[in-house]
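Structural features, examined
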Amino acid sequence: MSDLANTQPLLQVDDLRVSLPTARGWAPALRGVSWQMARGQTVGLIGESGSGKSLTALALMGLLPERARVSGSIRLQGQELLGLPEPQLCQLRGARMAMIFQEPMTALNPLHPIWKQIAEPLRLHRQLGESDAKARALQLLERVQLPRARERLGAYPHELSGGQRQRVMISIALACNPDLLIADEPTTALDVTVQKEVLALIKQLVIEDGMGLLLISHDLGLMQDQVDRVMVMYGGAVVESAATPELFAHRAHPYTRGLFAARPRLGLARGTRLTTIPGSVPELMDFPAGCAFADRCSLAVDECRLTPPQAQSIPSKTADETRHWVSCPRWSWP
Ligand code: SF4
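Residues numbered from 1 in each chain as written. Predicted model: local features only at pLDDT ≥ 70, side-chain atom pairs only at ≥ 80, totals over all residues.

1. Re the overall build of the protein
Spelled out, the test is: Numbering of helices and strands starts at the N terminus; helices are DSSP runs of H or I of at least 4 residues and strands are runs of E of at least 2. Radius of gyration means the value over C-alpha atoms here, while the globule rule gives 2.2 Å times the residue count to the 0.38 power. For the exposure call, what matters is how many other C-beta atoms sit within 10 Å of a residue's own: 20 or more marks it buried, 12 or fewer exposed, and in between partly exposed, using C-beta atoms placed from the backbone. In this description, a residue-residue contact is defined by the distance between C-beta atoms placed from the backbone, which must lie within 7 Å.
Scanning the protein for helices and strands turns up 12 helices and 12 strands. Here the C-alpha radius of gyration of the protein, 21 Å, is about what a compact globule of 334 residues would show, namely 20 Å. Its C-alpha atoms give the protein principal-axis dimensions of about 65 × 50 × 45 Å. For the protein, with 334 residues in total, the buried portion stands at 39%. Put simply, 65% of the contacts in the protein that link residues at least 6 apart link residues at least 24 apart.

See below:
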């Protein structure tokens, strides 16, 4: 899917396919994912659990299970990442691409003070000595607006609140000025007001540093304010992608329409039943060979189950200059 043809992509993913070993054989977990991102762009990935969002992030970071079968291409500023030996990938992780995980309490080491955990990538990738790394850790904590940062350099994770721990995780991710930041449900464990603060902080830092951001969330409301572009995943494939205002106003794919119809909204009359998408996400081995959504789609015809739909560019309803892509020959406007 190309909507930034005249700029050098920061990240280019082409026909990324991942199969995972299961007791029933090799299961196709990513089924030809293609997209690109420019420096400074923020892209959101949404979809139900099991749609392939987190697996996409792990593939970008080179953190797939050892036995996974992978094909396609992932290029970071032109450099192919698939097939790189682990020591080279290790050099890139933290230095040029970094990830913020869902639950900082499990991602942080409970036995080390926070400054040491921020200093670790600086010592590994930038060869900083202890006092320089500690000074840089303080700068980073001040940048992510951790209250009383200097006093808290020696604090342990359990001494901080959930929001403060997530600020520490962001500091670690930013330590070496990465080009690409991946945030996988970074605010799931936080309450609603802290979620907004943390996401706004991530967005501000991404813009200031000119990074690319891939934000993964199942929360459509949070996504709306944070990203330039949204990709919707189902069954290991991107089924629709568009500029955020376009997608939130006009959805063309039957799955995207179902996903948005099912979200809780303010102002619904008491007792109103939420619309749901029929059925549930199948086991990986049970997706149809053609369109992954075929067993849950009211518009499905026989051919849908046999032939994977191709992504096609459709006219933007909001006159956005980037393209609206949809993988369904029976797409329509609501
Ligand atoms: S390709 Fe067929 S099954 Fe898939 S979303 Fe479109 S109409 Fe539904």
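2. Some remarks on helix 5 (residues 130-143)
Given 3.6 residues per turn, any residue in an α-helix points the same way as the ones three and four places further on. Which entries qualify depends on this criterion: Helix span, expected: 1.5 Å multiplied by one less than the number of residues in the helix. Throughout, the arc means that of the directions going from the helix axis to the C-beta atoms.
For helix 5, built from 14 residues, the straight-helix expectation of 20 Å at 1.5 Å per residue is met to within 8% by its first-to-last C-alpha distance of 20 Å. Listed as buried for helix 5 are Ala-133, Ala-137, Leu-140 and Leu-141. Projected onto a plane normal to the axis of helix 5, the buried residues spread over an arc of 95° and lie on a single side. Across from the buried face of helix 5, at angles greater than 90 degrees, the exposed residues are Ser-131, Gln-139 and Glu-142. On the buried face of helix 5, the contacting elements are helix 4 (114-125), helix 6 (149-152) and helix 7 (162-174). Gln-145 lies just past helix 5 and shows a positive phi near 60°.

3. A closer look at helix 4
Turning to helix 4, its buried residues are Ile-114, Trp-115, Gln-117, Ile-118, Ala-119, Pro-121 and Leu-122. Packed against the buried residues of helix 4 are helix 5, helix 6 and helix 7. Positive phi shows up at Gln-127, right after helix 4, with a value of about 55°.

4. A word on the confidence of the model for the protein
Put simply, the rule reads: Each residue gets a pLDDT score, which is the predictor's confidence in that residue and runs from 0 to 100.
Averaged over all residues, the pLDDT of the protein equals 90, while 94% of them reach at least 70. Summarising per-element confidence for the protein, the mean pLDDT is lowest in helix 3 (residues 104-107) (78) and highest in strand 4 (residues 69-76) (97). Under a pLDDT of 50 for its full length, residues 1-6 has, in the predicted model, 11 contacts with residues more than four places off or in other chains.

5. Remarks on the sheet that holds strand 6 (residues 97-100)
What counts is decided by this rule: What makes two strands pair is DSSP finding at least two bridges between them. A fitted line through C-alpha atoms represents every axis, and for helices the fit uses only the stretch in contact; the resulting angles, taken between N-to-C directions, go from 0 to 180 degrees.
If you walk across this open sheet you meet the eight strands as 6-7-8-3-9-10-12-11, and the pairing is mixed. Each edge of the open sheet is held by one strand with a lone partner, namely strand 6 and strand 11 (312-314). Pairs of neighbouring strands in the sheet enclose a mean axial angle of 20°, with direction left out of account. Relative to strand 8 (residues 212-216), strand 7 (residues 180-184) runs parallel, the two sharing five bridges.

6. As for the pairing of strand 7
Convention followed: Orienting the strands away from the viewer, one traces the path from the first strand over the helix to the second; a clockwise path indicates a right-handed crossover.
When you tally the buried positions in strand 7, you get five out of five residues, the bulk of the element. Handedness of the β-α-β unit built from strand 7, helix 8 (residues 192-209) and strand 8 comes out right-handed.

7. Observations concerning the packing of helix 7 against helix 8
Under the convention used in this document: Oblique is the label for any angle not under 35 degrees, not over 145, and not in the 65 to 115 range, which are roughly parallel, roughly antiparallel and roughly perpendicular in turn. Crossings are sorted by hand: turned counterclockwise from the far helix by less than a right angle, the near helix makes the crossing left-handed, and turned clockwise it makes it right-handed. Three classes are used: nonpolar for Ala, Val, Leu, Ile, Met, Phe, Trp, Tyr, Cys and Pro, charged for Asp, Glu, Lys and Arg, and polar for all others, with Gly counted as polar.
Remark: helix 7 packs on helix 8, axes separated minimally by 10 Å, with the N-to-C direction vectors making an angle of 15°. With respect to their mutual orientation, helix 7 and helix 8 come out roughly parallel. Crossing angle aside, the handedness with which helix 7 passes helix 8 is right-handed. In contact with Gly-162, Gly-163, Gln-166, Ile-170 and Leu-174 of helix 7, helix 8 contributes Val-194, Glu-197, Val-198, Leu-201, Ile-202 and Leu-205. Tallied by class, residues from the contact of helix 7 with helix 8 come to seven nonpolar, three polar and one charged.

8. Focus: the nonpolar core
To be explicit about the condition: Any nonpolar core is a set of buried residues, restricted to Ala, Val, Leu, Ile, Met, Phe, Trp, Tyr and Cys, that join up through C-beta atoms within 7 Å.
If you look at the biggest cluster of nonpolar residues, it comprises 86 residues, and the most contacted ones within it are Ile-118, Ala-173, Leu-181, Ile-182, Leu-213, Val-232 and Val-239. With six residues, the single largest contributor to this core is helix 7. With sequence-adjacent residues up to four places away left out, Val-239 is seen in contact with Val-232, Met-233, Tyr-234, His-253, Tyr-255, Thr-256, Phe-293, Ser-327 and Cys-328.

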